[in-house]
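Residue-level structural notes
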Amino acid sequence: MTWQIEVDRNTCIGTGSCAGIAPGHFELRDRKSCPRHPTAEPDELLVDAAESCPVEAITIRDATSGELIAPEP
């Protein structure tokens, strides 16, 4: 299984919580979050980062089915 990582840079307010929680998956560029790679193997840190985003700018989906993994609706 592979997860797709997306960040809505128009929504992101650059708190950096995602990069603090999952530095292997996120970094700040121009004061906005960016995934280091568009896909990743399942990792609970990705879920934690998406759930901790105060503006829900991060979405994690199953790359095959498109099913939303995080944040929970």
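A quick note: this is a predicted structure, and the numbers were derived from the prediction, not measured. (Residues numbered from 1 in each chain as written. Predicted model: local features only at pLDDT ≥ 70, side-chain atom pairs only at ≥ 80, totals over all residues. Heavy atoms only, no water.)

This next bit is on helix H2 (residues 44-52). Within H2, the full set of buried residues consists of Leu46, Val47, Ala49 and Ala50. Buried residues of H2, seen end-on, are gathered within an arc of 165° and therefore sit on one face of the element. Residues of H2 that are buried in the fold lie against strand E1 (3-7), helix H1 (17-21), strand E2 (26-29), strand E4 (39-40), strand E5 (58-62) and strand E6 (68-70). By the N-cap criterion, in which a side-chain oxygen at the helix start approaches the backbone nitrogen of a residue two or three places on, H2 is capped by Asp43, the distance to Leu45 being 2.9 Å. (Buried < 20%, exposed > 50% of the residue type's maximum accessible area, 1.4 Å probe, protein only. Helix = DSSP H or I, 4+ residues; strand = E, 2+ residues; numbered from the N terminus. Arc of directions from axis to C-beta. Contact = heavy atoms within 4.5 Å. Polar contact = N/O pair within 3.5 Å; in protein donor to acceptor, adjacent residues only side chain to side chain.)

This next bit is on empty space enclosed by the protein. Under the counting rule described, the total for this entry stands at one cavity of 30 Å³ or more. Of the pockets and cavities examined, the largest cavity occupies roughly 90 Å³. If you go around the largest cavity, you meet 15 residues; those closest to its centre are Cys12, Thr15, Cys18, Ser33 and Cys53. (1 Å grid on protein atoms, 1.4 Å probe; cavity = no way out; pocket = protein on both sides within 12 Å on 5 of 7 lines; lining within 4 Å. Points joined across faces, edges and corners; volume = space filled by probe spheres on them.)

Here we take up the environment of Leu68. Inspection of the secondary structure assignment puts Leu68 in strand E6. With residues near it in sequence (within four places) discarded, Leu68 still touches Thr59, Ile60, Arg61 and Pro73.

What follows concerns the side chain of His25. By the secondary structure assignment, His25 is in the loop between H1 and E2. Given a relative accessible area of 16%, His25 falls into the buried group. Look past the residues within four positions of His25 in its chain and what remains in contact with it is Ile5, Cys34, Pro35, Arg36, Ala40, Asp43 and Leu46.

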